[in-house]
Amino acid sequence: MKRIKSLDDLKKLSKNAKNKFDLREKANDPDKVVQIKVAMATCGIASGAKETMDFLIEELDRQSIKAIVTQTGCMGYCYAEPTIEVTMPNNDPIVFGYVDTKKAKEIVEKYIKKNELVDGILPVNYETIDKQ
Amino acid sequence: MAKYKMHILCCGGTGCRASKSDEILENFKKIILEKNLDDEVQVIQTGCFGFCEKGPIVKILPDNTFYTEVTPEDALEIVEEHVIKGRKVKRLLYMDPDKKEHISDSKHMNFYKKQIRIALRNCGFINPENIEEYIARDGYMAIGKCLTEMTPEQVIAEIKLSGLRGRGGGGFPTGLKWEFASKYHDDQKYVVCNADEGDPGAFMDRSILEGDPHSVLEAMAICGYSIGANKGLIYIRAEYPLAIERLKIAIKQAKEYGLLGDNIFGTDFSFDITLRLGAGAFVCGEETALIHSMEGQRGEPTPKPPFPAESGFMKKPTNVNNVETFANIPVIINKGANWFNKIGTEKSKGTKVFALAGKINNVGLIEVPMGTTLREVIYEIGGGIKSGKEFKAVQTGGPSGGCLTKDFLDTPIDYDNLVAAGSMMGSGGMIVMDEDDCMVSIAKFYMEFIVEESCGKCVPCRLGTKRLYEILEKITRGNGTMEDLDLLKNLSKTVKATSLCGLGQTAPNPILSTLNNFYDEYVAHVRDKKCPAGQCRHLLKFEIDPEKCVGCTVCARNCPVNAITGTVKQPHTIDQEICIKCGACFQKCKFGAISKK
Ligand SMILES: Cc1cc2nc3c(=O)[nH]c(=O)nc-3n(C[C@H](O)[C@H](O)[C@H](O)COP(=O)(O)O)c2cc1C
Ligand code: SF4
Ligand code: SF4
């Protein structure tokens, strides 16, 4: 782990980190993996996000699907918890709502393995500040 | 997509469902099957598009065509024209209200800009327990810029120019507050983050701390640099274990990376942050009470001045800001005050995070530019009122705020407009109410909360709010008089004028605003002994319709107080003197013979 001693250090680390996460998302090398973010704020956890996350990790592992499952904060769709965001290599991220373990299984079988969409997609309805 | 060439996305949000989106979905599926297109085209049901006023919505991928107000019958035309022949169905395309032209690609539609995420920029994007993800999104760049390129005065000038105002409720200009704090010199100064969040129904600050703790840490360091403080304290309620855990991890990581601690970025600026846990009393969110609570004293307010900027924590100059206020700071530094102050209204800049709750379809966390109207928030982002009921009011500002009626649906939301409308911004709780909500009961609910939470230090608040509560209780029980309504109003004004701190000074607001906006409803309770919303149990009357009653005796057997009499196969009757309005008979009667009015 590196101690940041100057702004240049931070800029370097930021660039490296950016590359690392970009790679994970948009990789076109053979090591490309599925990336899944689970909204794990209080509201998500209360509706079972933890079970969903555990299930996804186990299921993907069991089927030897290369994936990175991480937690993130509240996506704002509290009415549709648990919510997860799935990013397939070379695809835009897609958010799914009401993902209990059953739905998670369906997402793995259909979307992740066969690239078929499944019911329950949540359209993103806000603007990020990155573009502006 | 691998297999399918085209996708038809049908909105399955609650709002659209009410307008037959299920049927639309079924029709599409059927037609696609009939035309043997099911290998190429997939029909999918989605969550709410946040555009329910123009629902039901159908979106076609990959060309992003956005159809509005689709009926089940339109499915055939969309399939034949668009899917098969590749011609968009013009009449169903979204019409831009300003330019009066059809827009087909949803990326160019205005409503997608209804929400802009500044304070929530990283919530739901990054892993809050991994500092490198924050750094990958320009985290700690702002403090780096301040320390290496800006003087403290320049930082304060930038925040002032941005027009940012406190998000904790009062709306005080943040840059000005920092400037005051910078003027007092002492051997030790403090930056405090107010994460008490005591409003019932509010969870904005919790979500920010859980989803993006580093943004608050970075902002506190920026504040420390500009006012000359090297210690930061976060006052957070112990009921937020996950937020506390994530803050602890974030502080530890920031220290390991040298982004908190001594000589940050090799400069002579040092900054350290510690957590202080509160027991979760509403009054402890008030800044002077918060400071006393952190000092280990009773969490009671003291009069201002002196303001914390002069004499705060341990009698040292202290700057207190809210979580969301802080979360905006790094963006302002990175993107510039002139980027930030283009968003919002003349006197309220930037965005506001709201926790949408109550009788609304899309309960959730939203962030909209200041100046967005309630109508946009409720009907477009919030997906409208649950079960297609009638909108009645929205409560903002929690126990210090008031109710806004449908007359205010088109009022742009900002600090000053809400105050002018008899409510206030508060910290961002927004509770939507429908026709089934009784306004007297709402006022009573908040008063009960205040009676619990008043610290008791001053008489007007301690006794006044209790009396106010008792009068409301009397009215909801049907024992109120017209004089009570005047008394409510006068006492409210007295409590407001004479209480020591903000809690008492704002506590009567829910009463005053409901009295103002829903006076008829109060009168109905008092004069007609009726609750129009049917919520006040004591004002209900249960009656048995002799025409419908078959004399099955179920009601009589279920009445806990034996208020129902009658013989088998004969119509029964309820003795109103004995009835305690429990509603058991109403629920049990299989013949719908019992009415509730
Ligand atoms: C009764 C009462 C409760 C308050 N609760 C909070 C709270 O929970 N969170 C908060 O940030 N400010 C709260 N405030 C406002 C604070 O006193 C203070 O103004 C605020 O933290 C300043 O930060 P800001 O300028 O960034 O908004 C409360 C005020 C009163 C009178
Ligand atoms: S107004 Fe209420 S909360 Fe504030 S000091 Fe007086 S009694 Fe305490
Ligand atoms: S409302 Fe309750 S108390 Fe009244 S008659 Fe019906 S069961 Fe009895």
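Residues numbered from 1 in each chain as written. Chains lettered and ligands numbered in written order. Predicted model: local features only at pLDDT ≥ 70, side-chain atom pairs only at ≥ 80, totals over all residues. Heavy atoms only, no water.

**Student:** Just to check I follow, could you spell out the overall build of chain A for this structure?
**Tutor:** Each helix and strand counted, chain A has four helices and six strands in total. The secondary structure elements of chain A, listed N-terminal to C-terminal, are α-β-α-α-β-β-β-α-β-β. Per-residue burial for chain A yields a buried fraction of 55% across its 132 residues. Entry remark: accessible area of chain A is about 6,300 Å², with carbon and sulfur atoms responsible for 51%. (Helix = DSSP H or I, 4+ residues; strand = E, 2+ residues; numbered from the N terminus. Buried < 20%, exposed > 50% of the residue type's maximum accessible area, 1.4 Å probe, protein only. Areas by Shrake-Rupley, 256 points an atom, 1.4 Å probe, with all protein chains shown as cover.)

**Student:** Which parts of the structure should I look at to understand the overall build of chain B?
**Tutor:** Helix and strand counts for chain B stand at 23 helices and 20 strands. For the C-alpha atoms alone, the extent of chain B along its principal axes is close to 90 × 75 × 40 Å. The buried share among the 597 residues of chain B stands at 60%. Taking as baseline every contact in chain B between residues at least 6 positions apart, the subset at least 24 positions apart corresponds to 68%. Roughly 23,900 Å² of accessible area belongs to chain B as shown, and the carbon and sulfur atoms make up 51% of that amount. For chain B, the distance from the average site of its 75 positive side-chain charges to the average site of its 77 negative ones is 3 Å. (Contact = heavy atoms within 4.5 Å. Lys, Arg positive; Asp, Glu negative; His and termini not counted. Charge placed at Lys NZ, Arg CZ, Asp CG, Glu CD.)

**Student:** Can you walk me through the site of ligand 2 in this structure?
**Tutor:** Not every one of the 13 residues close to ligand 2 is listed here, only the nearest: Cys455(B), Cys458(B), Cys461(B), Cys501(B) and Gly504(B). Residues of the shell around ligand 2, tallied by class, amount to eight nonpolar, four polar and one charged. (Near = heavy atom within 4 Å. Nonpolar A, V, L, I, M, F, W, Y, C, P; charged D, E, K, R; others polar.)

**Student:** What is the right way to read the sheet that holds strand β11 (residues 318-322) of chain B from this model?
**Tutor:** Consider a sheet: its strands pair through backbone hydrogen bonds, and that pairing is either parallel or antiparallel. Residue and element names in this part refer to chain B. The four strands lie next to each other as β10-β9-β8-β11, forming an open sheet whose pairing is parallel. Each of the sheet's edge strands pairs with one partner strand only, and the pair in question is β10 (272-278) and β11. When strand polarity is set aside, the average angle formed by the axes of neighbouring strands in this sheet is 20°. As judged from the seven bridges shared by strand β9 (residues 231-237) and β10, these two strands associate in the parallel manner. From the neighbouring strand, Ile 236 faces β10, where its bridge partner is Leu 277. Taken strand by strand, helix α10 (residues 241-256) contacts β9 and β10, and its axis lies near 165° from that of β10. (Pairing = 2+ DSSP bridges. Axes fitted to C-alpha atoms, helices over the stretch in contact; angles between N-to-C directions.)

**Student:** Is there a simple way to explain the packing of aromatic side chains in this structure?
**Tutor:** Two descriptors summarise a pair of aromatic rings, namely the distance from one centre to the other and the angle between the planes of the rings. Residues and elements named next belong to chain B. One pass over the structure, following the stated rule, counts nine aromatic pairs over all chains. The interplanar angle of 65° and the centroid separation of 5.3 Å between the aromatic rings of Phe 282 and Phe 449 together place this pair among those described as edge-to-face. Taken together, the residues span a long stretch of sequence, with Phe 282 in the loop between β10 and α11 (287-294) and Phe 449 in helix α16 (residues 439-453) at a distance of 167 residues. For Phe 282, a relative accessible area of 13% translates into the label buried. These aromatic residues form a ring-pair network of at least three members: Tyr 225, Phe 269 and Phe 271. A cation over an aromatic ring shows up here: Arg 137 above the ring of Phe 125, its NZ or CZ 4.9 Å from the ring centre. Over the aromatic face of Phe 354 sits the side chain of Lys 352, whose NZ or CZ is 5.8 Å from the ring centroid. (Phe/Tyr/Trp six-rings, centres within 6.5 Å; stacked < 30°, edge-to-face > 60°. Lys NZ or Arg CZ within 6 Å of the ring centre and 35° of its normal.)

**Student:** Looking at this structure, how should I read the sheet that holds strand β15 (residues 402-405) of chain B?
**Tutor:** Residues and elements named next belong to chain B. Across the sheet, five strands lie side by side as β13-β12-β16-β14-β15; this open sheet has mixed pairing. Each edge of the sheet is formed by a strand with only one pairing partner; in this case those strands are β13 (364-369) and β15. Each strand of the sheet is rotated relative to its neighbour by a mean of 30°, with strand direction disregarded. Along the sheet face, helix α8 (residues 204-211) touches β12 (351-358), β13 and β16 (429-434) and points at about 115° away from the line of β12.

**Student:** How do you make sense of the interface of chain A and chain B when you look at a structure like this?
**Tutor:** Note on interface size: it is often stated as the accessible area lost on association of the parts. Contact residues are listed per partner, giving 52 residues for chain A and 68 residues for chain B. Carbon and sulfur atoms make up 55% of the area that chain A and chain B hide from each other, which totals about 4,900 Å². Broken down residue by residue, the surface that chain A buries against chain B is led by Leu117(A), Asn125(A) and Ile129(A), which jointly contribute 14%. Put simply, chain A and chain B have 20 residue pairs in polar contact (both at pLDDT 80 or more) between them. Among the secondary structure elements, those contributing two or more residues to the side of chain A that touches chain B are α1 (7-26), α2 (42-46), β2 (67-72), α4 (101-114), β5 (121-122) and β6 (127-128) of chain A. Here the element with the most residues in the side of chain A that touches chain B is α1(A); it accounts for ten residues. Across the side of chain A that touches chain B, the residue classes break down as 25 nonpolar, 14 polar and 13 charged. Bridge count for β6(A) against strand β7 (residues 116-117) of chain B is two bridges, and the pairing is parallel. Among the inter-strand pairings, Glu127(A) is bridged to a residue of β7(B), identified as Ile116(B). (Buried area = accessible area lost by both parts, 1.4 Å probe. Polar contact = N/O pair within 3.5 Å; in protein donor to acceptor, adjacent residues only side chain to side chain.)

**Student:** What is the right way to read the site of ligand 3 from this model?
**Tutor:** Looking at ligand 3, there are 13 residues lining it, with Cys559(B), Cys579(B), Cys582(B), Gly583(B) and Cys585(B) nearest. Class assignment for the residues of the shell around ligand 3 results in eleven nonpolar, one polar and one charged.

**Student:** Is there a simple way to explain unusual backbone geometry in this structure?
**Tutor:** Residues other than glycine predominantly adopt negative phi, and peptide bonds predominantly adopt the trans conformation. In this structure, the amide linkage connecting Glu81(A) to the following residue, Pro82(A), adopts the cis form with an omega of -10°. Checked against the element boundaries, Pro82(A) lands in the loop between β2 and β3 (84-87). Put simply, Lys304(B) and Pro305(B) share a cis peptide bond, and its omega is -5°. One can find Pro305(B) in the loop between α11 and β11. Located in the positive-phi region is Tyr140(B), a residue other than glycine, with phi close to 65°. Tracing the backbone through its elements, the reader meets Tyr140(B) in the loop between α4 (131-136) and α5 (141-149).

**Student:** Quick question: what am I supposed to make of the environment of Val41(B) here?
**Tutor:** All names here are of chain B. Looking at the element boundaries, Val 41 is found in strand β2 (residues 41-46). For the pair Val 41 and Lys 231, spaced 190 residues apart in sequence, the C-alpha to C-alpha distance is 60 Å. Each residue touching Val 41, except ones within four places of it in the same chain, is listed here: Tyr 4, Met 6, Ile 8, Ile 32 and Val 83.

**Student:** Can you walk me through the pattern of salt bridges in this structure?
**Tutor:** Where charged atoms from two side chains of opposite charge come close, those side chains can pair. Enumeration according to the criterion identifies 43 salt bridges over all chains in this entry. Two residues, Glu59(A) and Arg62(A), come together in a salt bridge whose shortest N-O distance is 2.7 Å. With Glu59(A) and Arg62(A) both in helix α3 (residues 49-62) and three residues apart, the pair spans about one turn of that helix. Residue Arg62(A) is classed as exposed on the basis of its relative accessible area of 59%. For Glu81(B), the salt bridge identified is with Arg87(B), shortest N-O distance 3.0 Å. (Salt bridge = Lys/Arg side-chain N within 4 Å of Asp/Glu carboxyl O.)

**Student:** I would appreciate a short explanation of the nonpolar core in the present structure.
**Tutor:** Taken as a class, soluble globular proteins show a tendency for nonpolar side chains to be buried jointly. Residue and element names in this part refer to chain B. Within the largest apolar cluster, 91 residues are counted, with the highest numbers of intra-cluster contacts made by Tyr 140, Trp 178, Ile 234 and Leu 259. Here this core gets nine residues from one element, more than from any other, and that element is helix α9 (residues 213-227). Shared between two domains, this core takes at least three residues from each, and those domains are domain 2 (131-340) and domain 3 (351-434). Dropping the residues within four chain positions of it, Trp 178 is found in contact with Val 155, Ile 156, Ile 159, Ala 219, Ile 222, Cys 223, Ser 226, Ile 227, Asn 319, Asn 321, Phe 326 and Ile 329. (Core = buried A, V, L, I, M, F, W, Y, C linked by side-chain atoms within 4.5 Å. Domains from an automatic or database assignment.)

**Student:** Just to check I follow, could you spell out the side chain of Ser270(B) for this structure?
**Tutor:** All names here are of chain B. With respect to the helices and strands, Ser 270 occurs in the loop between α10 and β10. A distance of 3.0 Å separates a polar side-chain atom of Ser 270 from the backbone nitrogen of Asn 263. Other than its neighbours up to four places away in sequence, Ser 270 contacts Ala 229, Asn 230, Gly 261, Asp 262 and Asn 263.

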